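Here are the chains, one letter per residue:
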Amino acid sequence: VQLQASGGGLVQARDSLRLPCAASGSTFSNYNFAWFRQAPGLEREFVAAIRRSQGSTYYADSVKGRFTISRDNAKNTVYLQMSSLKPEDTAVYYCAADRQIILSTLRDSRGYEYWGQGTLVTVSS
């Protein structure tokens, strides 16, 4: 599957932004999806995930209550809706996909085989 993330940009603190990740090349509903982010000088970290079965969602504590991950199987797109943005949310955001994800490893980037190119989100104070 090929992934194309978009929607990044420069926003102010407390603003909202939605990142779409368009998938192509394979059956969308067969995949689990996740968003990770990487700030300058830091390691890539888990943001949110949505599983293929029942659409269960999982979030990092730092974004819980502010970010929402969703999927539209008809449009082959995964979304990350971000609200109440903070300067510390500044990072390159990556979408990732894999057919087989287990609960104990869905927050680990090594569990995802397919990655998009990343989109930069900058939050000014």
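A short tour of the structure in this document, coming up. (Residues numbered from 1 in each chain as written. Predicted model: local features only at pLDDT ≥ 70, side-chain atom pairs only at ≥ 80, totals over all residues. Heavy atoms only, no water.)

1. Concerning the state of the cysteines
For the structure on display, the rule yields one disulfide. The residue that forms a disulfide with C21 is C95, at a sulfur-sulfur distance of 2.1 Å. Taking the torsion about the S-S bond as the criterion, the C21 to C95 disulfide, at about 60 degrees, is right-handed. Remark: C95 occurs in strand β9 (residues 91-98) and C21 occurs in strand β3 (residues 17-24); sequence separation between them is 74 residues. In this structure, C21 and C95 share a single accessibility class: buried. (Disulfide = S-S within 2.5 Å. Helix = DSSP H or I, 4+ residues; strand = E, 2+ residues; numbered from the N terminus. Buried < 20%, exposed > 50% of the residue type's maximum accessible area, 1.4 Å probe, protein only.)

2. What about unusual backbone geometry?
Of all residues except glycine, most have a negative phi; of all peptide bonds, most are trans. A positive phi angle is found at N76, which is not glycine, with a value near 55 degrees. In this structure, N76 sits in the loop between β7 (67-72) and β8 (77-82). The exposure class assigned to N76 is partly exposed, which follows from its relative accessible area of 28%. For S84, which is not a glycine, the phi torsion comes out positive at approximately 50 degrees. Position of S84 relative to the elements: it lies in the loop between β8 and β9. Residue S84 is classed as partly exposed on the basis of its relative accessible area of 39%.

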